[in-house]
Amino acid sequence: MESLTVELGDRSYPILIGDGLIRNIGGHVAPLLRRPRTMIITDSHVAAHYLTGVGASLGAEGISFSSFVLEPGEATKSWGGLARLTEWLIGEGVERSDHVIALGGGVIGDLVGFACSIVKRGCHFIQVPTTLLAQVDSSVGGKTAINVAAGKNMIGAFHQPALVVIDPATLATLPRRDLAAGYAEVVKYGLIDDADFFAWCEAQGAALLAGDSDARQKAIAHSVAAKARIVAADERETQDVRALLNLGHSFGHALEAETGYSDKLLHGEAVAAGMALAYRFSAAQGLCPTADADRVAAHLTAVGLPHGLASAGVDADGTTLAGHMAHDKKVRGGKLPLILARGIGQSFVTDEFGLDIVAAFLDREGQR
Ligand SMILES: NC(=O)c1ccc[n+]([C@@H]2O[C@H](COP(=O)([O-])OP(=O)(O)OC[C@H]3O[C@@H](n4cnc5c(N)ncnc54)[C@H](O)[C@@H]3O)[C@@H](O)[C@H]2O)c1
Ligand SMILES: [Zn+2]
């Protein structure tokens, strides 16, 4: 087992990583509890594989629990899901000193985290991520949210977990498409500021996706360490440091909006295409060598991820797509900060480019 800490003063918390960890989760949770009781929130896919094992481990430590199983899918991260979950927690007699367990992917983690930030004005929660995306990204950092009509993740809070328990062995049951989508966020950490890690991804990405457990453990530990460092430096994204985590996300967000945040294009798939677009945009502006943009696209292609508008299944014009970007919640003072790059592992934030320039670029991309 590996362990690291997200350093946030009195809100610091450990991240544990190791195959088989959730079968012993009770031992890691017990020391945190003021009374031997917890509540597990999960979705039905995850429940079918892991709820019994997690429950048995809690039971072995003398911890009683109740569980709430939600519908899988993005639609659960909604006002309706939040209402049902918070009412259920209150019905279960949740106390402010309790630790609620979020067992699942980013949907469960984001919803449970937000519910725990508001129920009785806040209780603790523990992230037990079971998708690659959640294990390398969403379970760490304390961003929680639901989706509303006005947009994705528009209502939420910063609420850090008390513990993150990552069991890479749970990825064995994750559908290959979700696995590849999560892998896009792994590649992102290389592109942000770590060219050596990107080169490692080029060498090991295929093995990781095929099931190599050493490669999975290494990628998760490396990604989570990078995220923990960035979150510790800029917890609430008030400087440009945490904004770098949005590499590929502004372009990706436009693609997700255009495809209706549906199964047509998963978040990580949109991020993959968005990263390729951010690099080609950087190259088009003379900021980054074209060879580096080509290298990014080549690796994404090699692992079967989208690397542009066509492979993401989007044929909208540039003005439409730039219009989606204008609704990004990162817009400040009417300008959208873009994460661009000077090369592999050399990303930076700028608001130098207007959406008209972005629209013209996306029009050219549409004709590629
Ligand atoms: N808070 C953050 O910082 C942050 C960062 C990135 C993404 N997100 C959010 O994360 C969400 C996406 O998360 P996701 O990609 O994990 O999707 P998800 O939670 O919908 O999980 C994907 C699918 O895999 C299933 N599943 C999960 N674990 C499984 C397992 N081990 N075996 C078999 N099936 C399993 C789920 O039931 C679901 O059908 C989005 O809502 C996004 O906004 C949040
Ligand atoms: Zn993301």
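Caption draft 1: Examining the side chain of Lys188 more closely. By the secondary structure assignment, Lys188 is in helix 6 (residues 176-193). A distance of 2.8 Å separates a polar atom in the side chain of Lys188 from the backbone oxygen of Leu245.

Caption draft 2: Just the state of the cysteines, in detail. This structure, assessed with the given rule, holds 0 disulfides. Cysteine Cys116 remains unbridged, with the sulfur of Cys123 as its closest cysteine sulfur at 3.6 Å. The class for Cys116 is buried, based on a relative accessible area of 0%. When its relative accessible area of 2% is taken as the criterion, Cys123 is described as buried.

Caption draft 3: Summary view of the site of ligand 1. With respect to spatial proximity, 25 residues lie near ligand 1, and among them Asp43, Glu74, Thr130, Thr131 and Thr173 are the closest. A distance of 3.1 Å is found between an oxygen atom of ligand 1 and a backbone nitrogen or oxygen belonging to Val107. Within the backbone of Lys143, a nitrogen or oxygen atom sits 2.8 Å from a nitrogen atom of ligand 1. Summarising the interface, the protein chains cover 89% of the accessible area of ligand 1, which totals 870 Å² for the free molecule. Counting residues per element, the ones that place at least two in the shell around ligand 1 are helix 2 (44-60), helix 4 (106-118), helix 5 (132-138) and strand 8 (151-158). Here the shell around ligand 1 is built from residues that sort into 7 nonpolar, 9 polar and 9 charged.

Caption draft 4: Structural detail: the pairing of strand 11 (residues 347-350). Burial along strand 11 is two-sided: Ser347 and Val349 and Phe348 and Thr350, pointing in opposite directions, are all buried. In the sheet, strand 10 (residues 338-341) pairs with strand 11 via 4 bridges, with the strands oriented antiparallel. Along strand 11, the bridge assignment pairs Ile339 with Val349. Taking the residues between adjacent antiparallel strands as the criterion, strand 10 and strand 11 are bridged by 5 residues, where Gly345 takes a positive phi near 75°.

Caption draft 5: Here's a closer look at the pattern of salt bridges. Enumeration according to the criterion identifies 16 salt bridges in this entry. In this structure, the salt-bridge partner of Lys152 is Glu74, at a minimum N-O distance of 3.7 Å. Within this pair, whereas Lys152 is found in strand 8, its partner Glu74 is found in the loop between strand 4 (64-70) and helix 3 (79-91), the two being separated by 78 residues in sequence. With a relative accessible area of 15%, Lys152 lands in the buried category. Residue Asp137 is joined to Lys227 by a salt bridge in which the shortest nitrogen-to-oxygen separation is 2.6 Å. Placement of Asp137 in helix 5 and of Lys227 in helix 8 (residues 213-233) is noted, with a sequence separation of 90 residues between them. Relative accessible area serves as the criterion here: at 11%, Asp137 is assigned to the buried category. Accessibility expressed as a relative area gives 6% for Lys227, which makes it buried.

Here is what the cut-offs are and how they apply
Residues numbered from 1 in each chain as written. Chains lettered and ligands numbered in written order. Predicted model: local features only at pLDDT ≥ 70, side-chain atom pairs only at ≥ 80, totals over all residues. Heavy atoms only, no water. Helix = DSSP H or I, 4+ residues; strand = E, 2+ residues; numbered from the N terminus. Polar contact = N/O pair within 3.5 Å; in protein donor to acceptor, adjacent residues only side chain to side chain. Disulfide = S-S within 2.5 Å. Buried < 20%, exposed > 50% of the residue type's maximum accessible area, 1.4 Å probe, protein only. Near = heavy atom within 4 Å. Areas by Shrake-Rupley, 256 points an atom, 1.4 Å probe, with all protein chains shown as cover. Nonpolar A, V, L, I, M, F, W, Y, C, P; charged D, E, K, R; others polar. Pairing = 2+ DSSP bridges. Salt bridge = Lys/Arg side-chain N within 4 Å of Asp/Glu carboxyl O.

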